[in-house]
Amino acid sequence: MAPFFPQELIQKKRDGGTLSPAEIAAIVGGIVDGAMGDAQVGAFAMAVFFRGMTAEECADLTRAMARSGYVLGWRSLDLDGPVLDKHSTGGIGDKVSLMLAPIIAACGGFVPMVSGRALGHTGGTVDKLESIPGYLTQPPIEQFRRVVADAGCAIIGQTEELAPADRRLYAIRDVTATVASIPLITASILSKKLAAGLNGLVMDVKFGSGAFMETREQARALAASIVSVAGNAGLTTRALLTDMNQVLGTTAGNALEVTEAVQYLTDGPREARLDRVVRALAAELLVLGRLAGNIAEAEREIERAIQSGAAAERLQRMVQSLGGPGNILRNPEAQLPQAPIRCAAPPLRAGFLRSVDAAAVGRVVLALGGGRRSPQDPIDHAVGLSEVAGIGAAVGPGRPLAVVHARNAAEAEAACAALQAASRVGDAAPASADPVAARL
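All residue numbers here refer to positions counted from 1 along the written sequence of the relevant chain. Whole-chain, interface and lining totals are the exception, using all residues; otherwise, since this is a predicted model, local features are given only for residues with pLDDT of at least 70 and side-chain atom pairs are given and counted only at 80 or more. Note that water and hydrogens are dropped before the side-chain values are worked out from all heavy atoms of the structure.

Caption draft 1: Structural view of the overall build of the protein. Put simply, DSSP H or I for four residues or longer makes a helix, DSSP E for two residues or longer makes a strand, and each gets a number counted from the N terminus. Helix and strand counts for the protein come out as 17 helices and 12 strands. In terms of overall dimensions, the protein has a C-alpha envelope of 70 × 50 × 40 Å along the principal axes. By the burial criterion, 57% of the 440 residues in the protein qualify as buried. Working rule for contacts: check all heavy atoms of both residues, and any pair within 4.5 Å makes them a contact. Contacts in the protein between residues far apart in sequence, at least 24 positions, make up 77% of those at least 6 positions apart. For the accessible areas, the method is Shrake-Rupley and the probe is 1.4 Å, while residue cover comes only from the protein chains on display. Entry remark: accessible area of the protein is about 16800 Å², with carbon and sulfur atoms responsible for 52%. Any residue under 20% of the maximum accessible area for its type is buried, any over 50% is exposed, and the rest in between are partly exposed; the area is computed with a 1.4 Å probe on protein chains only.

Structure (structure tokens):
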């Protein structure tokens, strides 16, 4: 075997060259076995960020990363439904997976969801779940398989066995400003999904001030890349483009978002934009998995799963089977960490919220300790925002921009000032828009 010199392949990509399948396989191997140091992995990511990849390179990277560890199979479990999954490109307050996976399970699907941690200013599903006491986000593979078979869904993080190349690359991208690369995002997402042995996938590709793809055109390009590469790998995939110009739901922050998800599946309330995105993605997945004949039928199945309590019961079974409390559905706030300081963030003037810099809101949560600046940083699961006002809402005395949950008064005060700076208030409410903008 020829000697492996990472710097030569990094230079080739830096200078605009096309990497062969063997060269990409060597890079992926170096990421896994440590032959490439963190600096070299970061340099490779930066080279791809600026130079891009051909469709063939992206497909080769995706397949190599999927094969870098264990690839799940489900045939031996004799599941009586399709193996399905959903993935989001990340947003502020995006807790959709926490509701969607139990809904799909209650409708007859099986959801082995391998999710990520926070990237940049966006939250991560695994970080949210780790706010639940005892919840095991990296279980042994066989336990993961058993929970999927029993509860119908299991949401975990990347284990040592599943797509280990992506696990390391993902963490380094987060702290090297190389997140927003279409080839790297495509390979990251699909390597985990291919390793999970899926029958179908639905993508939530976000655009707007709080997304990595700021424009709808960028989001469409990413969605097209994912759908194309997935199709070439034999994984049928649909994608929705959804708006991320404001917080999704009324909370942003790990434990707070878990509470909102539990309330959504039990006695409400259900914020309208969040509800629309959850149901749209779930409906696509039910049709894709042939659990419903069309979108209208799927919507009826989703409503039944929520109103009957079947989806909530699946969430409880998943949480308990992965080490969490057996009563997460009853008073979730009592089960989850709470920040000692709560204060309302008033607007600078009364009126209607016209717009908000969603990325700035994400950075507020990050500054409070709810995210990471480096891969080793701990996360404070208790901090964040609740009662977040949506665009078009009346704000003023008695109706703040949000309620800040902080560790101390100084951080709470800084968060309030940042929220005020990120928000624009006017005399009239803007026209509302459907958060689901397009389907691919």
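Next, the rest of the story.
Caption draft 2: Structural detail: empty space enclosed by the protein. Think of a 1 Å grid over just the protein atoms. A cavity is a set of points where a 1.4 Å probe fits yet cannot get out, a pocket is an open set with protein on both sides within 12 Å along at least five of seven lines, and lining residues have an atom within 4 Å of a point. Grid points are joined across faces, edges and corners, and a volume is the space filled by probe spheres set on the points. With the rule as written, the count across this model stands at four cavities of 30 Å³ or more. What the largest cavity holds in volume is close to 380 Å³. For the lining of the largest cavity, the secondary structure elements donating two or more residues are strand S1 (84–88), helix H5 (96–106), strand S2 (111–115), helix H6 (125–129), helix H8 (164–174) and helix H9 (182–195). Residue type decides the class: Asp, Glu, Lys and Arg count as charged, Ala, Val, Leu, Ile, Met, Phe, Trp, Tyr, Cys and Pro as nonpolar, and the leftover types, Gly among them, as polar. Considering only residue class, the lining of the largest cavity consists of 12 nonpolar, 13 polar and nine charged.

Caption draft 3: Spotlight on the nonpolar core. Side-chain atoms within 4.5 Å are what join buried Ala, Val, Leu, Ile, Met, Phe, Trp, Tyr and Cys residues into a set we call a nonpolar core. Counting 120 residues, the largest nonpolar core has Ile 103, Met 318, Leu 385, Val 404 and Leu 419 as its most contacted members. By residue number, the principal contributor to this core is helix H12 (residues 272–288), which donates 10 residues. By size, the runner-up hydrophobic cluster in this structure holds 21 residues, among which are Ile 24, Met 36, Phe 44 and Ile 172.

Caption draft 4: Seen up close, helix H2 (residues 21–33). What a helix is expected to span follows from its residue count: subtract one and scale by 1.5 Å. Taking 1.5 Å of rise per residue, the 13 residues of H2 would be expected to cover 18 Å, and the 18 Å separating its terminal C-alpha atoms lies within 8% of that figure. When H2 is considered as a whole, its buried residues turn out to be Ile 24, Ile 27, Val 28, Gly 30 and Ile 31. One side of H2 carries all its buried residues, which in axial view fall inside an arc of 155 degrees. More than 90 degrees from the buried face of H2, the exposed residues found are Pro 21, Ala 22 and Asp 33. Of the residues trailing H2, Gly 34 is marked for its positive phi of about 90 degrees. In this description, the arc belongs to the directions extending from the helix axis to the C-beta atoms.

Caption draft 5: Quick look at unusual backbone geometry. The omega angle of the peptide bond from Gly 268 to Pro 269 is 5 degrees, so this bond is cis rather than trans. Along the chain, Pro 269 turns up in the loop between helix H11 (254–265) and H12. The backbone of Asp 78 shows a phi angle near 50 degrees, a positive value even though the residue is not glycine. The phi dihedral of Ala 163 is positive, around 45 degrees, even though this residue is not glycine. Residue Ala 163 is classed as buried on the basis of its relative accessible area, which comes to 1%.

Caption draft 6: Expanded view of the packing of helix H3 (residues 38–51) against H8. The convention used is that axes are lines fitted to C-alpha atoms, helices contributing only their stretch in contact, and that angles between N-to-C directions extend from 0 to 180 degrees. Contact pair H3 / H8: the axes reach a minimum separation of 10 Å and the direction vectors enclose 75 degrees. Here H3 is positioned roughly perpendicular relative to H8, judged by the angle of their axes. Here H3 contributes Asp 38, Val 41, Gly 42 and Ala 45 to the contact with H8, which in turn contributes Arg 168, Leu 169, Ile 172 and Arg 173. Tallied by class, residues from the contact of H3 with H8 come to four nonpolar, one polar and three charged. Note on terminology: angles under 35 degrees are roughly parallel, angles over 145 are roughly antiparallel, angles of 65 to 115 are roughly perpendicular, and the others are oblique.

Caption draft 7: Main features of the sheet that holds strand S8 (residues 384–386). Only strands that DSSP links by at least two bridges are regarded as paired with each other. Read from one edge of the open sheet, three strands run S6-S10-S8, paired in antiparallel fashion. The sheet is open, and its two borders are formed by strand S6 (341–345) and S8, each paired with just one other strand. Between one strand axis and the next, the sheet turns by 30 degrees as a mean value, whatever way the strands run. For S6 and strand S10 (residues 402–406), the ladder comprises five bridges, and the chain directions are antiparallel. Following the sheet pairing, Ile 341 is matched in S10 by Ala 406.

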